[in-house]
Amino acid sequence: MSVQVNSMNRGAVRSDLLMTGFDDAVQDAQKVFRKVLKAMSEPGTILTADLTDKTPGALNKSSWEIALTLFDADTKIWLSPTLAGDDAVVSNLRFHCQCPMVSEPAEADFALALADELPELKALNWGNSEYPDQATTLIVQVEAITNQTQDNDEGWCLNGPGIETERGLTVAGLPYSFRRDLVNSRKRFPLGVDCVFCADDQLVALPRSTEIKPSDSEEGIRNTIQQEAN
Amino acid sequence: MSSQLSSQLNKPATQTAGAEGYNFAYLDEQSKRMIRRAMLKAVAIPGYQVPFGGREMPLPHGWGTGGMQLTATVIGEADTLKVIDQGADDTTNAVSIRRFFAKTAGVATTEHTADASLIQTRHRIPERQLRNDQILIYQVPIPEPLRFIEPRETETRKMHALREYGAMQVKLYEDVARFGHIATSYDYPVMVNDRYMMDPSPIPKFDNPKMNQMPALQLFGAGFEKRIYAVPPYTRVVSLDFDDYPFEVQSWEESCSICGSDHSFLDEVIMDDAGNKMFVCSDTDYCRERVEQGFTAENPEGQQGLTPEHNQVQQENKKQDDTKAEEMAL
Ligand SMILES: [Zn+2]
């Protein structure tokens, strides 16, 4: 973990790693915001954010564009180890967003993570009952997102505000324990973590208000929950 | 860093279509980001009031900065904006706000509900059903439904946290005891997604049922108290009531004197010194649309037995003809 801590504390921006942000900071941020707003108000709807050509280091397009749109000096950011150790990521976030980095996920307004480096859900801030909005927003870079739920054992059936009847969603590559904890976290609404999953230039959101039912994998998740309980 | 790279990276926020010296839609980018973040939380916790910071938007008094800030934060070049005040597009406020965003954001504006992507409103929900590709932005004076029961914010926060809404039920029931029915006719409280009690802003309770399962996203902005709350599309919104006194909307014996509508919210208009009055649709665009479709006070069922659908088709054809005529004129 020493790599992570070092880069977190490194104040300097490496100018040789900097790249341009949006072509048009005002218009592009507005466009990306509307995508995120649509995603968050219609959970499970997959949208495309494709306004940048290149991204710093390991960031994918949609997570980079969300960062440019929502991060600034007022938002504390936690990065998962690989991202925190990636000078290109850290330098560009510092330069373009001026956002402070924190080493504890619980302190973060936004946590930005690779799918295989997710913090435990309970390690993030879930808000409190009087101010549930103070919770962390979790942005996860994943392999793929699709509304297909057949032929895989990771499919979800979504219900709740923003969904007219029901919507299927598969987020590929999330650890089992995270999927299980996310499903269980719904019991604590209005506390919880709002998630945005980013795959290349695609994004999909799962706010805490969305009920998640594992579809095909129902048995599997139930068994896991059972095992954990025992 | 090379000066070339430096200037490239420090590309200033461009003034794409805005007026000279202003940021796009007048609001600075930092305030927009702050409001955007609050808006996403509001959407994630339907009906819950999210506080937001940011600077005051320097606007003439009476414009209602909450709705303006939300519109300025959401709006983009591709949008078409409609603004209504008490249902009308042609009041001083509505016209001023439309002009303001036409000037500072260069967006198209419209009076037609069907043509708008963003609708900023004070005190009404359009009669025409809104679509999923539209956003309705409410101007809110007092965001806290429990405020008149409990003035302290710390206490109302606790009441929401514990879902302690009995005091509101008592208040409404006092109405029943005094008047024999629930007298509250504006600002009528609702429960959102069975969790948060929400103030729908001073719309008539006639409009409350339109909020339930609405396909459009509904955003609420209170400028003075700096609160944002939201109802995502297709969300359950239920007006408070009692088993023995169910929720009821206002109704009129009269119909609209212009379009003959017997199902819209009517304004009473005094005609002369003798006190003669007539009733007309509060939603001026809805009334206009009906008149164009052939509905009149004398013929509230539409032209010569044609169904509204027929009239709609006729209207579409006429619209296309008009467009063609305009193109040819150009
Ligand atoms: Zn009318």
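Residues numbered from 1 in each chain as written. Chains lettered and ligands numbered in written order. Predicted model: local features only at pLDDT ≥ 70, side-chain atom pairs only at ≥ 80, totals over all residues. Heavy atoms only, no water.

Draft legend 1. Region of the structure containing the sheet that holds strand β10 (residues 211-214) of chain A. Residue and element names in this part refer to chain A. In space, the 4 strands of this open sheet follow the order β5-β7-β6-β10, with antiparallel pairing throughout. The open sheet is flanked by β5 (144-146) and β10, the only strands paired with a single partner. Pairwise comparison of adjacent strand axes, ignoring direction, gives a mean angle of 30° for this sheet. Strand direction decides the pairing type here: strand β6 (residues 155-159) and β10, joined by 4 bridges, are antiparallel. Note on β10: the bridge partner recorded for Asn 159 is Glu 211. (Pairing = 2+ DSSP bridges. Helix = DSSP H or I, 4+ residues; strand = E, 2+ residues; numbered from the N terminus. Axes fitted to C-alpha atoms, helices over the stretch in contact; angles between N-to-C directions.)

Draft legend 2. Inspection of the nonpolar core at higher detail. With 87 residues, the main nonpolar core has Phe 71, Leu 79 and Leu 93 of chain A together with Met 39, Ile 75, Phe 101 and Leu 219 of chain B as its most contacted residues. Of the residues forming this core, the biggest block, 8 residues, is contributed by helix α2 (residues 25-41) of chain A. Met 39 of chain B has contacts with Phe 33 and Leu 37 of chain A together with Leu 70, Thr 73, Val 74, Leu 219 and Ile 228 of chain B, leaving out every residue within four places of it along the chain. By size, the runner-up hydrophobic cluster in this structure holds 31 residues, among which are Ala 111, Leu 118, Leu 191 and Ala 199 of chain A. (Core = buried A, V, L, I, M, F, W, Y, C linked by side-chain atoms within 4.5 Å. Buried < 20%, exposed > 50% of the residue type's maximum accessible area, 1.4 Å probe, protein only. Contact = heavy atoms within 4.5 Å.)

Draft legend 3. Structural context of the confidence of the model for chain A. Scored by pLDDT, chain A comes out at a mean of 91, with 89% of its residues at no less than 70. Across residues 1-9 of chain A the pLDDT falls below 50, and counting only partners more than four positions away or on other chains, this stretch makes 17 contacts in the model. (pLDDT = per-residue confidence, 0-100.)

Draft legend 4. Up close: the domain arrangement of chain B. All names here are of chain B. Segmenting chain B into domains produces domain 1 (2-150 + 153-239) and domain 2 (251-306). When each unit is reduced to the centre of its C-alpha atoms, the spacing between domain 1 and domain 2 is 29 Å. Domain 1 puts 15 residues into the contact, and the matching count from domain 2 is 12 residues. Roughly 1,000 Å² of surface becomes buried between domain 1 and domain 2 when both sides are summed, with 48% attributable to carbon and sulfur atoms. If you sort the residues of domain 1 by the area they bury against domain 2, Glu 127, Arg 128 and Phe 206 come out on top, with a joint share of 43%. In this assembly, domain 1 and domain 2 are joined by 1 salt bridge. Among the ionic pairs, Arg 128 bridges to Glu 289, the shortest N-O distance being 2.9 Å. The tally of links from domain 1 across to domain 2 stands at 9 residue pairs in polar contact (both at pLDDT 80 or more). Tallied by class, residues from the side of domain 1 that touches domain 2 come to 5 nonpolar, 4 polar and 6 charged. (Domains from an automatic or database assignment. Buried area = accessible area lost by both parts, 1.4 Å probe. Salt bridge = Lys/Arg side-chain N within 4 Å of Asp/Glu carboxyl O. Polar contact = N/O pair within 3.5 Å; in protein donor to acceptor, adjacent residues only side chain to side chain. Nonpolar A, V, L, I, M, F, W, Y, C, P; charged D, E, K, R; others polar.)

Draft legend 5. The pairing of strand β9 (residues 227-231) of chain B, seen in detail. Residue and element names in this part refer to chain B. In terms of burial, β9 is a largely internal element, 5 of the 5 residues being buried. The alternating pattern of β9 places Arg 227, Tyr 229 and Val 231 on one face and Ile 228 and Ala 230 on the opposite face, and all of these are buried. Looking at chain direction, strand β1 (residues 50-51) and β9 are connected through 2 bridges and run antiparallel. Residue Pro 51 lies in a different strand from β9, and its bridge partner there is Arg 227. As defined by bridge partners, strand β8 (residues 217-222) adjoins β9 across 5 bridges and the pair is classed as antiparallel.

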